[in-house]
Protein chains: 2
Amino acid sequence: MKGMFVRAALGVIAVSLAGVAAAQVKPEDQIKFRKAGYSFMSWNMGKIKAQVVEGSVPFNKDQVAAAAAAIAGIANSGMGQLYGPGTDRDVGNQKTRVKPELFQNMEEVGKLAKNFNMAANDLAKVAADGDQATIKAAFGKLGESCKACHDKFRAE
Amino acid sequence: MKGMFVRAALGVIAVSLAGVAAAQVKPEDQIKFRKAGYSFMSWNMGKIKAQVVEGSVPFNKDQVAAAAAAIAGIANSGMGQLYGPGTDRDVGNQKTRVKPELFQNMEEVGKLAKNFNMAANDLAKVAADGDQATIKAAFGKLGESCKACHDKFRAE
């Protein structure tokens, strides 16, 4: 898990170096895929929130662990590759809320991405153990790491 | 891994029973989220295909393992919950290519979903080991399991 985190974090940090593997994905599709990743993570965040924070849905350890694993899997998949050249604005049918400033602040983005990856992997780890209080705390940290980037680099 | 597969498969099989946890997600959002999941998986399938099948991108063990883990994480997250009542047709801004027949053949869908989950988890397992020939074979099986459902239950 730790090795995977380090690789993932490096992958995100290397946004500006997004190289060969990303070269084949059109800017429009890069935006589509990254939005899909965030969207699918948000569904899983919602499940965990309902069960662990709000209590509006009964806690189901397996569902929460699976949701956390999905988030971590997506977070670790090298989404930095989806911020290639030409993806700082709407392209074709794909609208993006990213602020162009993101592409001029890669060092800071790298740190935010690293925090996000760490939080996602920590949540997956504690969710597998199933202790609700610990999961709630880790979920809160993950939410903060999402918000830190949204506040700076996502338009409303 | 095996436990997670069983839970995930049961989750998908229980499409028609999608219960409390899904109740809060509007049909329109269910369609949005399931499309996001498939879209993000397709990006990761594309990376593995380029590196392991086509050879158009140099093989990078870590990238392929991360891509396979993302696919498995999504596959295991209980996407059956996203096929609730009212999601058998376009809703609001969300178009769906699902055929209404899917909702009348839950037993068969459950088998297809089980095959898909098994193939996704097997790919993640062998990708972590890094042997290209084994990964290629597992990737082929995963693709077949996708196609089996598309052929029957997805409109062109």
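Our subject is the structure that appears above.
Residues numbered from 1 in each chain as written. Chains lettered and ligands numbered in written order. Predicted model: local features only at pLDDT ≥ 70, side-chain atom pairs only at ≥ 80, totals over all residues. Heavy atoms only, no water.

Caption draft 1: Quick look at the interface of chain A and chain B. Listed as interface residues are 35 residues of chain A and, on the opposing side, 34 residues of chain B. Looking at the side of chain A facing chain B, the largest losses of area belong to Phe33, Phe40 and Trp43 of chain A, adding up to 23% of the total buried there. At the boundary of chain A with chain B, the tally comes to 0 salt bridges. Of the residues assigned to the side of chain A that touches chain B, the class counts are 18 nonpolar, 13 polar and 4 charged. (Contact = heavy atoms within 4.5 Å. Buried area = accessible area lost by both parts, 1.4 Å probe. Salt bridge = Lys/Arg side-chain N within 4 Å of Asp/Glu carboxyl O. Nonpolar A, V, L, I, M, F, W, Y, C, P; charged D, E, K, R; others polar.)

Caption draft 2: Looking closely at helix α6 (residues 132–153) of chain B. All names here are of chain B. With 22 residues, α6 should reach 32 Å at 1.5 Å per residue; the first-to-last C-alpha distance of 31 Å fits that figure. Every buried residue belonging to α6 is among Ile135, Ala138, Phe139, Leu142, Ser145, Cys146 and Phe153, and all of these are buried. One face of α6 carries all of its buried residues, which in axial projection span an arc of 120°. Across from the buried face of α6, at angles greater than 90 degrees, the exposed residues are Ala133, Lys141 and Glu144. (Helix = DSSP H or I, 4+ residues; strand = E, 2+ residues; numbered from the N terminus. Expected span 1.5 Å × (residues − 1). Buried < 20%, exposed > 50% of the residue type's maximum accessible area, 1.4 Å probe, protein only. Arc of directions from axis to C-beta.)

Caption draft 3: Structural detail: the relation of the copies chain A and chain B. Expressed as a screw operation, the relation of chain A to chain B combines 0.0 Å of axial shift with a rotation of 180°, fitting to an RMSD of 0.0 Å. Expressed as a symmetry operation, the mapping of one chain copy onto the other fits a two-fold axis. No C-alpha of chain A approaches the rotation axis more nearly than that of Ala36 of chain A, which lies at 2.1 Å. A shared interface surface links the copies, since 97% of the contact residues of chain A are contact residues in chain B too. (Least-squares fit on C-alpha atoms with pLDDT ≥ 70 in both.)

Caption draft 4: Representation of the side chain of Lys47 of chain A within the structure. Among the structural elements, Lys47 of chain A can be located in helix α3 (residues 27–54). In this structure, Lys47 of chain A is buried with no salt-bridge partner, the nearest side chain bearing the opposite charge being Asp62 of chain A at 13 Å. Look past the residues within four positions of Lys47 of chain A in its chain and what remains in contact with it is Ala67 of chain A together with Ser77 and Gln81 of chain B. (Lys, Arg positive; Asp, Glu negative; His and termini not counted.)

Caption draft 5: Inspection of the nonpolar core at higher detail. Core analysis: the largest hydrophobic core is formed by 63 residues, its most contacted members being Phe40, Ile48 and Leu123 of chain A together with Phe40, Ile48 and Leu123 of chain B. Broken down by secondary-structure element, the contributors of at least two residues to this core are α3, α4 (61–75), α5 (106–129) and α6 (132–153) of chain A together with α3 (27–54), α4 (61–75), α5 (106–129) and α6 of chain B. Leaving out residues up to four positions away in the same chain, Leu123 of chain B has contacts with Ile48, Ala68, Ile135, Ala138, Phe139 and Leu142 of chain B. (Core = buried A, V, L, I, M, F, W, Y, C linked by side-chain atoms within 4.5 Å.)

Caption draft 6: Fine view of the packing of aromatic side chains. In this structure the tally under the stated criterion is 6 aromatic pairs over all chains. Aromatic pair Phe33 of chain A and Trp43 of chain B: ring centres 6.5 Å apart, planes at 25°, arrangement stacked. Separated into two different chains, Phe33 of chain A in helix α3 and Trp43 of chain B in helix α3 make up a pair that spans both. Judged by its relative accessible area of 9%, Phe33 of chain A falls in the buried class. Judged by its relative accessible area of 3%, Trp43 of chain B falls in the buried class. Of the aromatic side chains, those joined through ring pairs into one cluster are Phe33 of chain A together with Phe40 and Trp43 of chain B. Across from the ring centre of Tyr83 of chain A, 4.3 Å away, lies the NZ or CZ of Arg34 of chain A, which sits over that ring. (Phe/Tyr/Trp six-rings, centres within 6.5 Å; stacked < 30°, edge-to-face > 60°. Lys NZ or Arg CZ within 6 Å of the ring centre and 35° of its normal.)

Coordinates in, geometry out; function isn't part of it.
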